[in-house]
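Fold and geometry: a report
Residues per chain, in single letters:
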Amino acid sequence: MSTTSTFADLGVRPETVAALSEIGITHAFAIQEYALPIAQRGADLIGQAPTGTGKTFGFGLPLVDRVVSPEEGGHGAPQALVVVPTRELGLQVAKDLAAAGKLRGVRVLPIYGGVAYEPQIDALKKGVEILVATPGRLLDLIKQKHLKLNSVFAIVLDEADRMLDLGFLEDVEKILSMLPEQRQTMLFSATMPDAIVALSRRFLHSPITVHAGHSEEPGVSPQTKQFVYRTHSLNKLEMLARILQAKDRGLTMVFSRTKRNCDRVTEDLDFRGFAAAAVHGDLNQGARERALRAFRAGKIDVLVATDVAARGIDIAAVTHVINFDCPEDPETYVHRIGRTGRAGATGVAVTFVDWEDMPRWRIIDKTLEIGEPEPRETYHTSEWLYSDLDIPADAAATLPSAQRSRVGLAAEKEEDLGGGRRGQRPVRGRSRRSATGTRDAAPVDAPVADGEPADHEPRQRRRRRNGEVVKGDATQILFSDPSGPSVPDPVAAATGAADGQAKARRRRRSPRKPGSAATTTD
DNA sequence: AAAAAAC
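First, a word on scope: everything that follows refers to the structure included in this document. (Residues numbered from 1 in each chain as written. Chains lettered and ligands numbered in written order. Predicted model: local features only at pLDDT ≥ 70, side-chain atom pairs only at ≥ 80, totals over all residues. Heavy atoms only, no water.)

Things to note about the protein's contact with DNA strand B
The following threshold applies: We call a residue near a molecule or strand as soon as one heavy atom of that residue lies within 4 Å of the molecule or strand. Polar contacts here mean pairs of N or O atoms no more than 3.5 Å apart (in protein, one a potential hydrogen donor and the other a potential acceptor; neighbouring residues in sequence count only if both atoms are side-chain atoms). Only DSSP runs of H or I covering at least 4 residues are called helices, and only runs of E covering at least 2 are called strands; the numbering of each starts at the N terminus.
Taken together, 23 residues form the shell around DNA strand B, and within it Tyr117, Arg137, Thr258, Lys259 and Gly281 come nearest. If you look at DNA strand B and keep only atoms within 4 Å of the protein, 71% of those are sugar or phosphate atoms. With respect to DNA strand B, the side chain of Thr134 contributes an N or O atom lying 2.9 Å from a phosphate oxygen. Note that a phosphate oxygen of DNA strand B is positioned 3.0 Å from one of the backbone N or O atoms of Gly136. Of all the secondary structure elements, the ones that give two or more residues to the surface near DNA strand B are helix H6 (135–143) and helix H8 (166–177). The greatest single-element share of the surface near DNA strand B, amounting to 4 residues, is contributed by H6.

Right under this line is the structure:
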């Protein structure tokens, strides 16, 4: 990973070396060692290196070192531009570059949508050396004449393959067309499909390509252990809850394929007592940034996200990445699991593959050759998790205290439910279903209500033999869609509790609303 | 075919 080169060896300015040292960075990563000399002399560059191996400073230090700061007589018009695919990544990159340029007073401004115009416009008026921008707001501000790009000598497309795919290409080309002809263009990413490289020739001049890291699985960090589990969609939430009880788990990112599923997973985890928050594009920008800040600070330890957080986000304490839904393509897989195992750290990546995910997984596996998903049909077959993922056998004993009490409460209802629900098959319900879900997080030895007479055959084998989810199984309640059509509360129905009582019970059990952890933390 | 990105 890191080489023995110091930044001074690589010709980085002394002030920048000192500033890096202040934030604990003393030695260069491979991509930095290779890219810096090329970038410093102004050549066009394609830089590819695995996730978490220092690409940001690989392009960032040559920008910081070459801009003229105000105290050096700079004019204050932007001299360098970094374009990124998401707002939070822009914020992060801007902070990194500002830290590196701090001792020379280099001003780095993040430009992105979803927030007020005024602070950005004011900052532009005062003058700025480096812009880090998402395309939409940048073009917006240019159109409104708050900004010109004619002093920009270098542009970087961070997550370049993403910036050049169909969703962004038009905007990026527009931005490129506003830059001086004589300028440096640099493309950086962990993934660079051939088609993108071919496309990029249109606006690169004699580019030099730099690869760092191993070549077999481009972009994947080898210290991340990857697991792939074939599962039923109805069991994903329970499997997730168990994995989140792994002994060695630090911060964990959970990725879903849709914004709606992201909310649903967050809500379920919140109810189970995990400190989780959601990040996706339908949330307002304040909520997005609060959630990410709380996660960075460790005030919450589970971040549930769409692919808005799949790329670039750098949080050293992330130990686990769970692909709750299979990623859309191999590149997304690489970037998602790249949120862990960064800068030489180890990581764990678990991908759930249900029936719907299967076609997507086929394509990912064809490219990356990770392996056939191992069948993990039900949450009752728990031993696999203990052996693979270091999860305590009495997993429920390690639950947060709020969760423990809920498990106790729910366990009381268990016999009632088993007796009263014989033969029924609740298919869909509203969010209150997760009230029963907490019970399913009880110790695996606990009696499980399934509406069938108790026998001594292991539950797992009964289920296997049946070849489908057991009818009337509590699992069905747990995993039913919280936003689906309303049906009577099965707990209330089974116990004869009035609806009002059920509501009061829910309030006691779940004093915290989804996302409030993030709201109150900063 | 989902998500992201300006208002």
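Having put the structure on the table, let's press on.
Some words on the pairing of strand E15 (residues 347–353)
Stated formally: The cut-offs for exposure are 20% and 50% of the maximum accessible area for each residue type, with area from a 1.4 Å probe on protein chains only; residues under the lower value are buried, those over the upper are exposed, and the others partly exposed. By this definition, two strands are paired if DSSP reports at least two bridges between them.
Among the 7 residues that make up E15, 7 are buried, leaving the element largely enclosed by the rest of the structure. Neither face of E15 is exposed, since Gly347, Ala349, Thr351 and Val353 on one face and Val348, Val350 and Phe352 on the opposite face are all buried. Bridge analysis of strand E14 (residues 318–323) against E15 gives 4 bridges, and the strand direction is parallel. Bridge pairing in E15 links Asn323 to Thr351.

Concerning the environment of Ala43
The following threshold applies: Here a residue-residue contact requires only that any non-hydrogen atoms of the pair lie within 4.5 Å.
Inspection of the secondary structure assignment puts Ala43 in the loop between helix H2 (30–40) and strand E3 (45–48). Non-local contacts of Ala43, meaning those with residues more than four positions away in its chain, are made with Ile38, Gln184, Met186 and Ile208.

As for the sheet that holds strand E9 (residues 208–211)
We count it as follows: Every axis corresponds to a line fitted to the C-alpha atoms, with the helix fit spanning only the stretch in contact, and the corresponding angles, defined between N-to-C directions, vary from 0 to 180 degrees.
Here 7 strands make up an open sheet; going across it, the order is E5-E6-E4-E7-E8-E3-E9 and the pairing parallel. In this open sheet, the two strands that pair with only one neighbour each are strand E5 (108–111) and E9. Ignoring which end each strand starts from, the neighbouring axes of this sheet average 15 degrees apart. Docked against the sheet, H2 engages E3, strand E8 (184–189) and E9, running at close to 165 degrees with respect to E9.

Things to note about the sheet that holds strand E16 (residues 374–375)
Taken in spatial order, the 7 strands make up an open sheet running E12-E13-E11-E14-E15-E10-E16, and their pairing is parallel. Looking at the sheet topology across the chains shown, the edges are occupied by strand E12 (276–279) and E16. Both strand E11 (residues 251–255) and E14 contribute to a ladder of 5 bridges, which runs parallel. When the sheet's bridge partners are listed, Val254 is paired in E14 with Ile322. In this fold helix H10 (residues 236–243) packs onto strand E10 (224–230), E11, E14 and E15, with an angle of close to 170 degrees to the strand it touches most, E15. Contacts between helix H11 (residues 259–272) and the sheet are confined to E11, E12 and strand E13 (302–305), with E12 contributing the most and set at about 170 degrees to the helix.

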